[in-house]
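So the chains spell out like this:
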Amino acid sequence: MRVLGGRALRSLRGGALPLGAALLLAGCASMPSGGEVRKVDNGQQADADAQVRVFGIPPHAGETPTEIVSGFFEATTSGEPDFATAKKYLTPTFKSQWDPLAKITVLASGPQSDGGTDVDTDTGPKGATSTVVAVSGVTAAKVDAKHAYQPADGTFHTSVHLVKQGAEWRIDRLDDGLILSASDFRRIYHSVNMYYFADLGSDARRSGTRQQTLVADPVYLRQQQTDSLTSIVSALLDGPTDWLAPVVDTAAPPRVQLSGKGTQPAVTVDDSQHLRVRLSSAADRLGHEQCMRLAAQLFATVQGQASAKLASAEVQREDGTTICSLPSSQALAPTNLVGTGAGRYFIGAEQHQLYELLGEGTSANPVRGPFGSDKADLASVAVRRDEQVAAGVKTDGRHLVVGPLVDGATWQVSQLASTAQDPKNGLSAPSWDGYDDLWVADRNPAVSRLYVLHDGTGTPTQVDVPMLDGRVESLRVASDGVRMVLVVDHDGVKALQLGLIRRGGTADKPQFSVTDLRDLTPTGETVSSVSWAGASRLVVLGTDIGGGGQQIQYVSTDGSAAPALESIGEAVSVAASEDPSRPLLASYNGSVYWLPDDSNWKRVTPKGGSPVYPG
């Protein structure tokens, strides 16, 4: 087999603008007209970053079919948004048929070819010579037409058909979409959070104003474009990814697009940081309330990529008149829930009561109320997101208690109890969503089930998990109330699964299910602990299945992973806040540690474990 690629490419190194500046300059950049031409091999591309721009080389006279295919694949890795150079490798007819944006196949190390030796003179235009170049590789991921990333594995096979036109070979048939190595994909594409509203079903009325919760939907878009801002807004208007769509809504009218009329860009940010979006005629009759909701989506999505704070988001009709304008003072944070979630809590090792770590120090104090008592006898705990109420599982693993964090208060013993004799088979650590619902799993092998309790003290409602294969060991619910991450034990291997929370039934008789489970387990690892660490990011503590090293790493909700973080030996658990500015927490060797910015792990006193943020 022969690796395709490695041809000469034109590349430009230089100081890259911050993304916010790139957005502001969208439409003002020009293509460099000079620069050195040098060879970039696969190893060099792996080291490339967003500051390297690559420009493909058009086909040369007399190139073989394999060289044409190789040059074509290299040209698709350039920064050209219209793939102009890559299309020079195609026949004139096929140029208008090939759709490079249909999908992306990400290969572990790039495509390989068999040399294209099979010649068939019976196909193609009369009198033309044709050949087929087989292309293969090892699949790492796939990205669909809505820019949704999904990890994948297995062997990839396809073929590229070429015809000889005059003295030159050109491609006249291949699958739509791009085939990229993992290193090229990381260089060309970056993750961007789109924001949509949580669909709470029967719980919408009960949740009140909190039904305005925004949910992050990560997609991968091309970076280093002159129209980055336009591509971001266009992706938002296209609607949520197929996986998230069942539990979110968008305020964008059906079939709405950016306006294509006029000479000015449809999406702009002026010097005063006012975002303006001009839409097609499908939005001309947009009502004020719906327009303000759409403006909130636009504000959160664009603000997440801009370096400067936006002042407002304005939605315009196709003729440029204003439908609505949302000032920053009315913009929705991605979670839009009560409380700040800033507190850091853990369970003390000696008396098993709840401690809170305050400020930037390393000393913690017992919380107020029954959870801070030296008779608390807690094995695990969850603090409600407003930090006024907590829920805990007793050390016997059988009883769940809920109560306020105030002096003189008492807790209430929940109706939910486990019959397991071994605490390891009892109730899991609980988790609060953003609507004061408490979620907990009973790990009893005889009746392993998932439950939700309205307001933490209501009647336990069993939650259906139709795709579950194994036992839920632990869980964490996102503040938006529509996503849940599970650690599932199957034959001794603990997998990381992310599911959608669907709410049905009526307000009086609600029904819950967790569906569409997707496996986010890092390759070759068993997962010990997981926590939400941002709007679309998890922090995961995993260990190699073969008994190797342990690592703490970030994983996106779409399955794409970030490099591992510095660990602290054989950690037991890890915790993070959905506010990414808050530090990581971990427990190790009977103590809790926290990780300040640009510093090493700091050990907290007194000794303890099970660190958590509110949620």
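Residues numbered from 1 in each chain as written. Predicted model: local features only at pLDDT ≥ 70, side-chain atom pairs only at ≥ 80, totals over all residues. Heavy atoms only, no water.

1. Quick word on the overall build of the protein
Inclusion rule: The helix and strand labels rest on DSSP assignments: H or I over at least four residues marks a helix, E over at least two residues marks a strand, and numbering proceeds from the N terminus. Any pair of residues with heavy atoms lying within 4.5 Å of one another is described as a contacting pair.
What the protein contains, in helices and strands, is nine helices and 43 strands. A separation threshold of at least 6 residues defines the contact pool for the protein, and within that pool the share at least 24 residues apart is 60%.

2. A closer look at the side chain of Arg344
The condition that has to hold: Two N or O atoms form a polar contact when they lie within 3.5 Å of each other; inside protein one atom must be a possible hydrogen donor and the other a possible acceptor, and for residues adjacent in sequence the pair counts only when both atoms belong to side chains.
Here Arg344 is to be found in strand E20 (residues 344–348). Polar contacts involving the side chain of Arg344 include one to the main-chain carbonyl oxygen of Gly359, which spans 2.2 Å. Setting aside chain neighbours within four positions, we find Arg344 in contact with Tyr355, Glu356, Leu357, Leu358, Gly359, Glu360, Arg582, Pro583, Leu585, Trp594, Val612 and Tyr613.

3. Describing the state of the cysteines
For the record, the criterion: When two cysteine sulfur atoms lie within 2.5 Å, the pair is treated as a disulfide. Only protein chains enter the calculation, and the probe is 1.4 Å; a residue is then buried if its accessible area is under 20% of its type maximum, exposed if over 50%, and partly exposed in between.
This model, assessed by the stated rule, comprises one disulfide. Here Cys291 engages in a disulfide with Cys324; their sulfurs sit 2.0 Å apart. Across the S-S bond of Cys291 and Cys324 the torsion is about -85 degrees, and the bridge reads as left-handed. Here Cys324 lies in strand E19 (residues 322–327) and Cys291 lies in helix H9 (residues 288–303), a separation of 33 residues in the sequence. Residue Cys291 shares its accessibility class with Cys324, and that shared class is buried.

4. Remarks on the nonpolar core
Condition: Working definition of a nonpolar core: buried Ala, Val, Leu, Ile, Met, Phe, Trp, Tyr and Cys residues. They are joined through side-chain atoms within 4.5 Å.
Ranked by size, the top nonpolar core spans 65 residues in total, and within it Met194, Leu275, Leu279, Leu294 and Val315 carry the most contacts. With nine residues, H9 is the largest single contributor of residues to this core. Among residues more than four places away in sequence, those in contact with Met194 are Val215, Ala216, Asp217, Val219, Leu221, Ile232, Ala235, Leu236 and Thr301.

5. What about the sheet that holds strand E23 (residues 378–383)?
The condition that has to hold: A strand pair is defined by DSSP finding two or more bridges across the two strands. The convention used is that axes are lines fitted to C-alpha atoms, helices contributing only their stretch in contact, and that angles between N-to-C directions extend from 0 to 180 degrees.
Strand order across the open sheet formed by four strands is E23-E24-E25-E26, with antiparallel pairing between neighbours. Each of the sheet's edge strands pairs with one partner strand only, and the pair in question is E23 and strand E26 (412–417). Each strand of the sheet is rotated relative to its neighbour by a mean of 25 degrees, with strand direction disregarded. Bridge count for strand E24 (residues 389–394) against strand E25 (residues 399–404) is five bridges, and the pairing is antiparallel. Paired with Gly392 across the bridge in E25 is Val401.

6. Overview of unusual backbone geometry
Going from Thr605 to Pro606, the amide bond is cis rather than trans, its omega being 0 degrees. Mapping Pro606 onto the fold places it in the loop between strand E42 (602–603) and strand E43 (608–612).

7. Some words on H9
Side chains three or four residues apart in an α-helix point the same way, a direct result of the helix having 3.6 residues per turn. Under the convention used in this document: Here a helix's expected span is defined as the number of its residues, less one, multiplied by 1.5 Å.
Here H9 contains 16 residues, and its C-alpha end-to-end distance of 22 Å stays within 8% of the 22 Å for a straight helix at 1.5 Å per residue. For H9, every residue scored as buried is listed here: Cys291, Met292, Leu294, Ala295, Ala296, Gln297, Leu298, Phe299, Ala300, Thr301 and Val302. Packed against the buried residues of H9 are strand E13 (189–198), strand E14 (214–222), helix H8 (228–237), strand E17 (274–278), strand E18 (312–316) and E19.

8. Notes on the environment of Ala282
With respect to the element layout, Ala282 can be found in the loop between E17 and H9. Distance in space between the C-alpha atoms of Ala282 and Pro253 is 6.7 Å, their sequence separation being 29 residues.

9. Side note on the packing of aromatic side chains
Going by this rule: Working definition: a ring pair exists when centres of Phe, Tyr or Trp rings (six-membered ring for Trp) sit within 6.5 Å. Plane angles under 30 degrees give stacked, over 60 give edge-to-face, the rest tilted.
The full count for this structure, using the stated rule, is eleven aromatic pairs. A ring pair is formed by Phe83 and Trp98, whose centres lie 6.1 Å apart and whose planes are at 80 degrees; its orientation type is edge-to-face. With Phe83 in the loop between helix H3 (65–75) and helix H4 (84–87) and Trp98 in the loop between helix H5 (92–95) and strand E5 (104–107), the pair connects residues that are 15 residues apart, well separated along the chain. A residue is classified by how much of its surface remains accessible, and Trp98, at 4% relative accessible area, is buried. Measuring from ring centre to ring centre gives 5.7 Å for Trp439 and Phe512, while their planes differ by 85 degrees; the resulting arrangement is edge-to-face.

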